[in-house]
Amino acid sequence: MNSTPGTEIIEVASGIYARLHENLTNAGIIVGDEGVLIIDSLRMPSFARDLISDVKLITDKPIKYVIDTHAHWDHSWGNEEFPDATIIGHQNCYLEMTDDQWNDQWRSKIVTGDDPWAEEAKIVNITPPNLTFDSSMSLYIGGRQLELLYFGRAHTSGDIFIHVPEEKLVFTGDVIQDRRVPYLGDSYPADWPETDDKIAELPIETFVSGHGPNGNHEDLLEARSFIHELVNSSKSAIEEGRNAEQATDSVIATLSARFGEWVGFDTLDERIPEVIAKLS
Ligand SMILES: [Zn+2]
């Protein structure tokens, strides 16, 4: 399939696709009888338009639903390109996307960066979900049930999982990634381990993540272990009365044997002080 350069579209189950974007953000595409559902609208309107073009390689059915796995800009700032779709997200995702401080902070970070989308970020019309839920919601598309699940705060306050029971498949957003360290800057480290324990109970064989490759249940458990060990070793360092720098060093030392090769492991020295502060 001749999709957007840098992307690869994998059919993970009949009519269900993972659109993986190298080093950027992935999306999901689910084709139903009447229309299409998209998981994550991606970082900018231009990226959403590329996604729409790629959907047209699969089907000419209209995009009727967009699900935001969470509020982060690289997953949801393409929402404005779907004016006719129902945009679904967790209630907390709505609150984050309508939080001026959250939006200003992210926008100024992006427009002052040197990424190719810095200019476009100035004019993004941040568009929150128009249908929200608290704990779960079912959606039937193409005769299949999609369970939209909220298990508590984790990577943000409003991360949701799109579970397709019939296919033993789940879309995990950024909470679960295959051998990658998730962004911790907006996270809730006190809650995240418990949220992961709930995802681990889903009877799935495959997950599609917001970044990186698809994984299996064993990879999911490994991602859970990373969060548990991060939080446990941070708590130990706090109990031992270490200062932020010593604590960061000891957490990294604890994690490096098992997770040192993971993508983004080198960002931890920047992120752990914040995790320690949140747990203190
Ligand atoms: Zn994220």
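These lines cover the structure that appears in this document, whether it is placed above or below.

With mixed pairing, the seven strands of this open sheet are ordered in space as 1-2-3-4-5-6-7. Looking at which strands have only one partner, the edges of the open sheet turn out to be strand 1 (7–13) and strand 7 (131–133). Between one strand axis and the next, the sheet turns by 20 degrees as a mean value, whatever way the strands run. Pairing of strand 1 with strand 2 (residues 16–21) involves six bridges; the strand directions are antiparallel. The residue bridging Thr7 from the neighbouring strand is His21, located in strand 2.

We now examine the coordination of the zinc ion. Only His70 (NE2), His72 (ND1), His155 (NE2) and Asp174 (OD) from the protein reach the zinc ion as donors, at distances of 2.1 to 2.2 Å. Geometry at the zinc ion is irregular, judged from the four donor atoms that bind it and their angles of 86 to 169 degrees at the metal. Mapped onto the polypeptide sequence, the residues donating to the zinc ion form the spacing pattern H-x1-H-x82-H-x18-D. Pair noted here: His70 is in the loop between strand 5 (63–67) and helix 2 (73–76) and Asp174 is in the loop between strand 11 (169–173) and helix 6 (192–200), with a separation of 104 residues, a long-range link. With relative accessibility at 3%, the residue Asp174 sits in the buried group.

So, about the pattern of salt bridges. Enumeration over the complete set of coordinates arrives at 12 salt bridges. Of the charged contacts in the structure, one is a salt bridge between Arg49 and Glu81, with a shortest N-O distance of 3.1 Å. Of the two residues, Arg49 sits in helix 1 (residues 45–58) while Glu81 sits in the loop between helix 2 and strand 6 (86–90), which places them 32 residues apart along the sequence. Judged by relative accessible area, which is 41%, Arg49 ranks as partly exposed. You can call Glu81 partly exposed: its relative accessible area is 24%. Between Arg224 and Asp197 there is a salt bridge, with its nearest N and O atoms 3.2 Å apart. Note that Arg224 is positioned in helix 7 (residues 217–239) and Asp197 in helix 6, a separation of 27 residues in sequence. The class for Arg224 is partly exposed, based on a relative accessible area of 25%. A relative accessible area of 27% places Asp197 in the partly exposed class. Among the ionic contacts, a cluster of salt bridges with common partners joins Glu222, Glu229 and Arg258.

What counts, and where the lines are drawn
- Residues numbered from 1 in each chain as written.
- Predicted model: local features only at pLDDT ≥ 70, side-chain atom pairs only at ≥ 80, totals over all residues.
- Heavy atoms only, no water.
- Pairing = 2+ DSSP bridges.
- Helix = DSSP H or I, 4+ residues; strand = E, 2+ residues; numbered from the N terminus.
- Axes fitted to C-alpha atoms, helices over the stretch in contact; angles between N-to-C directions.
- Donors = N, O, S within 2.8 Å, 3.2 Å for Na, K, Ca; no water.
- Tetrahedral: all angles 85-135°; square planar, octahedral: opposite > 155°, others 65-115°.
- Buried < 20%, exposed > 50% of the residue type's maximum accessible area, 1.4 Å probe, protein only.
- Salt bridge = Lys/Arg side-chain N within 4 Å of Asp/Glu carboxyl O.

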